[in-house]
Amino acid sequence: AMSAVVTRLLFPQPKPSYGPDTFRRHLIYIPTTLSPGSPQDACVPALCLPFPSARFLVYFLHGNAEDLGRCYQFCLGLRDQFQVHVLAIEYPGYGICA
């Protein structure tokens, strides 16, 4: 009980700043299991931002009290500035995982 209170204070979960249709071209769902046909609620949303000539992939994890919607513009800038693919993963309980 006490640890749940501490967790909520240290890791506040903001209201989602995006929905399933917000980033249609870039939002993907990564299955949490290897079973084929996993339901969408058994998947983790992620932003996949490809760069046409990229040779590298940056795996981005957003900060506390953020979600993919709040870091979308930053990730686009990261992709364009460094000419890399960017994969940003949502944390359980954040964004549309809430």
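Quick note: structure is the one above.
As a starting point, this report considers the structure included with it. A quick note: this is a predicted structure, and the numbers were derived from the prediction, not measured. (Residues numbered from 1 in each chain as written. Predicted model: local features only at pLDDT ≥ 70, side-chain atom pairs only at ≥ 80, totals over all residues. Heavy atoms only, no water.)

**Focus: a nonpolar patch on the surface**
Phase 1: On the surface, Met2, Val5, Val6, Leu9, Leu10 and Phe11 cluster together to form a nonpolar patch covering roughly 620 Å² of accessible area.
Phase 2: Within the secondary structure, Met2 sits in helix α1 (residues 2-10).
Phase 3: You can call Met2 exposed: its relative accessible area is 63%. (Patch = residues over 30% accessible without salt bridge, like charges linked within 9 Å, V, L, I, M, F, W, Y side chains within 5 Å. Areas by Shrake-Rupley, 256 points an atom, 1.4 Å probe, with all protein chains shown as cover. Salt bridge = Lys/Arg side-chain N within 4 Å of Asp/Glu carboxyl O. Helix = DSSP H or I, 4+ residues; strand = E, 2+ residues; numbered from the N terminus. Buried < 20%, exposed > 50% of the residue type's maximum accessible area, 1.4 Å probe, protein only.)

**Overview of the environment of Pro12**
Phase 1: Examined against the element boundaries, Pro12 turns out to sit in the loop between α1 and β1 (27-31).
Phase 2: The exposure class assigned to Pro12 is partly exposed, which follows from its relative accessible area of 35%.
Phase 3: For the pair formed by Pro12 and Leu57, sequence separation is 45 residues and the distance between their alpha carbons is 29 Å.
Phase 4: What Pro12 contacts, discounting residues up to four positions off in sequence, is Asn64, Ala65 and Tyr94. (Contact = heavy atoms within 4.5 Å.)

**A few points about the state of the cysteines**
Phase 1: Under the defined criterion, the tally for this structure stands at zero disulfides.
Phase 2: Of all cysteine sulfurs, the one in Cys75 lies closest to Cys48, which takes part in no disulfide; the gap is 11 Å.
Phase 3: The structure places no disulfide on Cys71, whose sulfur is separated from the nearest cysteine sulfur, that of Cys75, by 4.1 Å. (Disulfide = S-S within 2.5 Å.)

**Some thoughts on helix α2 (residues 68-82)**
Phase 1: Between the first and last C-alpha of α2 there are 19 Å, a value that for 15 residues agrees with the 21 Å anticipated at 1.5 Å per step.
Phase 2: Its maximal kink placed at Phe74, α2 deviates by approximately 30°.
Phase 3: Those residues of α2 not exposed but buried are Leu68, Cys71, Tyr72, Cys75, Leu76, Leu78 and Arg79.
Phase 4: Considering only its buried residues, α2 is in contact with β1, β2 (43-49), β3 (57-61) and β4 (85-89).
Phase 5: For α2, the N-terminal cap is Asp67; the gap from its side-chain oxygen to the backbone nitrogen of Gly69 is 3.1 Å.
Phase 6: Of the residues trailing α2, Gln83 is marked for its positive phi of about 55°. (Expected span 1.5 Å × (residues − 1). Bend = angle between axes of the 7 residues up to and from the residue. Polar contact = N/O pair within 3.5 Å; in protein donor to acceptor, adjacent residues only side chain to side chain.)

**Concerning the nonpolar core**
Phase 1: In terms of nonpolar packing, the biggest core is built from 15 residues, with Leu47, Phe60, Leu68, Cys75 and Val86 touching the most fellow members.
Phase 2: Of all the secondary structure elements, the ones that give two or more residues to this core are β2, α2 and β4.
Phase 3: Looking at this core element by element, the count peaks at six residues for α2.
Phase 4: Not counting residues up to four positions away in its chain, the partners in contact with Val86 are Leu47, Cys48, Leu49, Leu57, Val58, Phe60, Cys75, Leu78 and Arg79. (Core = buried A, V, L, I, M, F, W, Y, C linked by side-chain atoms within 4.5 Å.)

This is a description of form; function is not addressed.
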